[in-house]
Amino acid sequence: MTTSSPSTRKGLTKIATNRLQKEFMEWQTNPPGGFNHRVSDNLQRWIIEVNGAPGTLYANETYQLQVEFPEHYPMEAPQVIFQQPAPLHPHIYSNGHICLDVLYDSWSPAMRLSSICLSILSMLSSSAVKQRPKDNDHYLKNCKNGRSPKETRWRFHDDKV
């Protein structure tokens, strides 16, 4: 994840601000099941609590997602990573980066944060094993200096988990 101070991070466009304010209100009144938004005064960075679905490997476990909305949201996908400790999953690297197509190549401006969260919960729920991706160590070596997962050229070849 790239870290930037408020003075170096670009602000949101008017379209992004309006869209996020609308999504924020929706989260306050009707959040997707299994998720809670930790409210802060930063509209551009959200912390989302993820509760593992009952009857899955992640039942009774809670994780946190950090969501950073780019200047041109929703035309550009948000950056979504798990905060530490990240769940053990074949598509989640130990640094919290998530290999999920809707976060990158399959993003559409019609999508909302709630749809991303449901995709992540579905990905967790469908997993039959708790393990790191096979290339976790190699990936981490290439993610030095806070590299964003959006800078990765992901290969989406496994839709089983």
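What counts as what
- Residues numbered from 1 in each chain as written.
- Predicted model: local features only at pLDDT ≥ 70, side-chain atom pairs only at ≥ 80, totals over all residues.
- Heavy atoms only, no water.
- Helix = DSSP H or I, 4+ residues; strand = E, 2+ residues; numbered from the N terminus.
- Contact = heavy atoms within 4.5 Å.
- Polar contact = N/O pair within 3.5 Å; in protein donor to acceptor, adjacent residues only side chain to side chain.
- Buried < 20%, exposed > 50% of the residue type's maximum accessible area, 1.4 Å probe, protein only.
- Pairing = 2+ DSSP bridges.
- pLDDT = per-residue confidence, 0-100.
- Axes fitted to C-alpha atoms, helices over the stretch in contact; angles between N-to-C directions.
- UniProt positions renumbered as here; feature names shortened; annotations may be inferred.
- Core = buried A, V, L, I, M, F, W, Y, C linked by side-chain atoms within 4.5 Å.

Caption draft 1: Quick peek at the environment of Gln84. Mapping Gln84 onto the fold places it in the loop between β4 (79-82) and α2 (113-125). Taking the C-alpha atoms as reference, Gln84 lies 7.3 Å from Asn95; in sequence the two are eleven residues apart. Residues within four places of Gln84 in sequence aside, it is in contact with Ser94, Asn95 and Gly96. Of note is the side chain of Gln84, whose polar atom sits 2.8 Å from the backbone oxygen of Ser94.

Caption draft 2: Local environment of the pairing of strand β3 (residues 62-68). When you tally the buried positions in β3, you get five out of seven residues, the bulk of the element. In this sheet, β4 lies alongside β3 in antiparallel orientation, the contact comprising four bridges. Of the residues in β4, the one forming a bridge with Val67 is Val80.

Caption draft 3: Looking closely at the confidence of the model for the protein. Taken residue by residue, the protein gives an average pLDDT of 86. The fraction at 70 or more is 84%. In this model residues 1-8 is a low-confidence stretch, pLDDT under 50, and it forms 15 contacts with partners more than four residues away in sequence or in other chains.

Caption draft 4: How the structure looks around the side chain of Gln66. By secondary structure assignment, the location of Gln66 is in strand β3. A polar contact of 3.0 Å, which involves the side chain of Gln66, links it to the side chain of Glu68.

Caption draft 5: Region of the structure containing the sheet that holds β4. Taken together, four strands build an open sheet; the order of strands is β1-β2-β3-β4 and the sheet is antiparallel. Every interior strand has two partners, whereas the edge strands, β1 (35-38) and β4, have only one. Averaged over neighbouring strand pairs, the angle between their axes works out to 25 degrees when direction is ignored. Judged from the four bridges that link them, β1 and strand β2 (residues 45-51) form a sheet pairing that is antiparallel. The residue bridging Arg38 from the neighbouring strand is Ile47, located in β2.

Caption draft 6: Geometry of the UniProt feature "active site" (unreviewed entry) in the protein. Taken from the UniProt record, the annotation "active site" (unreviewed entry) applies to Cys99. Here Cys99 is to be found in the loop between β4 and α2.

Caption draft 7: Molecular detail of the nonpolar core. Core analysis: the largest hydrophobic core is formed by 33 residues, its most contacted members being Ile48, Leu65, Phe82, Ile98, Leu113 and Ile120. Where this core is concerned, the elements lending two or more residues are α1 (14-29), β2, β3, β4 and α2. Broken down by element, the residue count for this core peaks at seven residues, all from α2. Not counting residues within four places of it along the chain, the set of residues in contact with Leu113 comprises Glu23, Trp27, Trp46, Ile48, Val67, Phe69 and Tyr73.

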